[in-house]
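# Summary of the model geometry
Listed below are the residues making up each chain.
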Amino acid sequence: MADRDHEGHSGATIAMLAPRVAGGLRAARPDVVLLHAGTNDLGAGASGVVVAQRLDDLLDRIYAAAPHTHVVVAGVWAKMRTRSTARADLAARASRVAARHRTLGHSIDFVHTADLLSTSDFTDHLHANVSGYRKIAAMWDREIEAYLAERRAAPTP
């Protein structure tokens, strides 16, 4: 990508990202983290249970390094036909992981993305094409705008 102000790592699993997250967050000091992770874990054969546990650990690391950041966790948007059961299981579990972090006082939202893209929005079975990336960008934009509106409406301490 031309804009290197991101932590997107093609092909990385959550287990690969976890050890690097603290340093990146301390350096970037983000207000908002957009997190789309788990597709590669599922593709490598991990179960929904295992990927959700990895996600929970990753979120623990994110909030330890940047406790006041807002995290938007997006579900897996790739259809993953051969892993559809694990994908559905992960979506349910990831939503509960986000809810657990909310009860801990963390600022977090989970976006169900199972129906975000249609089959015509992919260049292959995993990667979005131009129309798919437009939909993904619009989803991220909606989530960021909703968070900012919530922040503006919150009473100032």
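None of the values given here were measured: they were computed from a predicted structure.

## Concerning the sheet that holds strand β2 (residues 70-74)
Reading across the sheet, the three strands line up as β1-β2-β3 and stay open at both edges, with parallel pairing between neighbours. Each end of this open sheet is capped by a strand with a single partner; those strands are β1 (32-36) and β3 (107-111). On average, each strand axis in the sheet is inclined to that of its neighbour by 15 degrees, with strand direction left out of account. Taken together, the five bridges between β1 and β2 define a ladder with parallel strand orientation. Note that in β2 the partner of Leu 35 across the bridge is Val 73. Docked against the sheet, helix α5 (residues 130-153) engages β1, β2 and β3, running at close to 145 degrees with respect to β1.

## Looking at the packing of aromatic side chains
Scanning the model with the defined rule gives one aromatic pair in all. Pairing Trp 77 with Trp 140 gives two aromatic rings, centres 6.4 Å apart and planes at 75 degrees, and the pair type is edge-to-face. Here Trp 140 lies in helix α5 and Trp 77 lies in the loop between β2 and α4 (84-103), a separation of 63 residues in the sequence. The same class applies to Trp 77 and to Trp 140, which are both buried.

## Observations regarding the pairing of β2
Extensive coverage of β2 is indicated by the burial of five of its five residues. Where β2 lies against β3, five bridges are found, and the strand directions are parallel. Of the residues in β3, the one forming a bridge with Val 72 is Asp 109. Taking the sense of rotation as the criterion, the β-α-β connection linking β2, α4 and β3 turns out right-handed.

## Some thoughts on the pattern of salt bridges
In the structure shown here, the tally under the stated rule is six salt bridges. Put simply, Arg 54 and Asp 41 hold a salt bridge, and the shortest N to O gap is 2.8 Å. Of this pair, Arg 54 sits in helix α3 (residues 48-65) while Asp 41 is found in helix α2 (residues 39-43), placing the two residues 13 residues apart along the sequence. We classify Arg 54 as partly exposed; its relative accessible area is 28%. Overall, the relative accessible area of 1% leaves Asp 41 in the buried class. In this structure, Asp 57 and Arg 61 form a salt bridge, with 3.0 Å as the shortest nitrogen-oxygen distance. A residue pair is termed a helical-turn pair when its members lie 3 or 4 positions apart in one helix, as Asp 57 and Arg 61 do in helix α3 at four residues. Look at Asp 57 and you get partly exposed, because its relative accessible area is 32%. Taking the relative accessible area as the measure of exposure, Arg 61 reaches 35% and is therefore partly exposed.

The rules we used
Here the residue numbering is sequential within each chain, running from 1 through the sequence in written order. For a predicted model such as this one, the threshold for reporting local features is a pLDDT of at least 70, and the threshold for listing and counting side-chain atom pairs is 80 or more; totals across whole chains, interfaces and linings nevertheless cover every residue. The side-chain quantities take in all heavy atoms of the structure and omit both hydrogens and water. Paired strands, in this sense, are two strands between which DSSP finds at least two bridges. Note on conventions: DSSP H or I runs of at least 4 residues are helices, E runs of at least 2 residues are strands, and numbering of each starts at the N terminus. For helices, the axis comes from a line fit to the C-alpha atoms of the stretch in contact; other axes are also lines fit to C-alpha atoms, and the angle between any two N-to-C directions lies between 0 and 180 degrees. Any pair of residues with heavy atoms lying within 4.5 Å of one another is described as a contacting pair. Two aromatic rings, drawn from Phe, Tyr or Trp (for Trp, its six-membered ring), form a pair once their centres lie within 6.5 Å of each other, and the interplanar angle then sorts them: stacked below 30 degrees, edge-to-face above 60, tilted otherwise. Burial classification: accessible surface area is computed with a 1.4 Å probe over protein chains only, and a residue below 20% of its type maximum counts as buried, one above 50% as exposed, and the rest as partly exposed. Look down the strands so they point away from you; if the path from the first strand over the helix to the second goes clockwise, the crossover is right-handed. Note on definitions: salt bridges are taken to be side-chain nitrogens of Lys or Arg within 4 Å of carboxyl oxygens of Asp or Glu.

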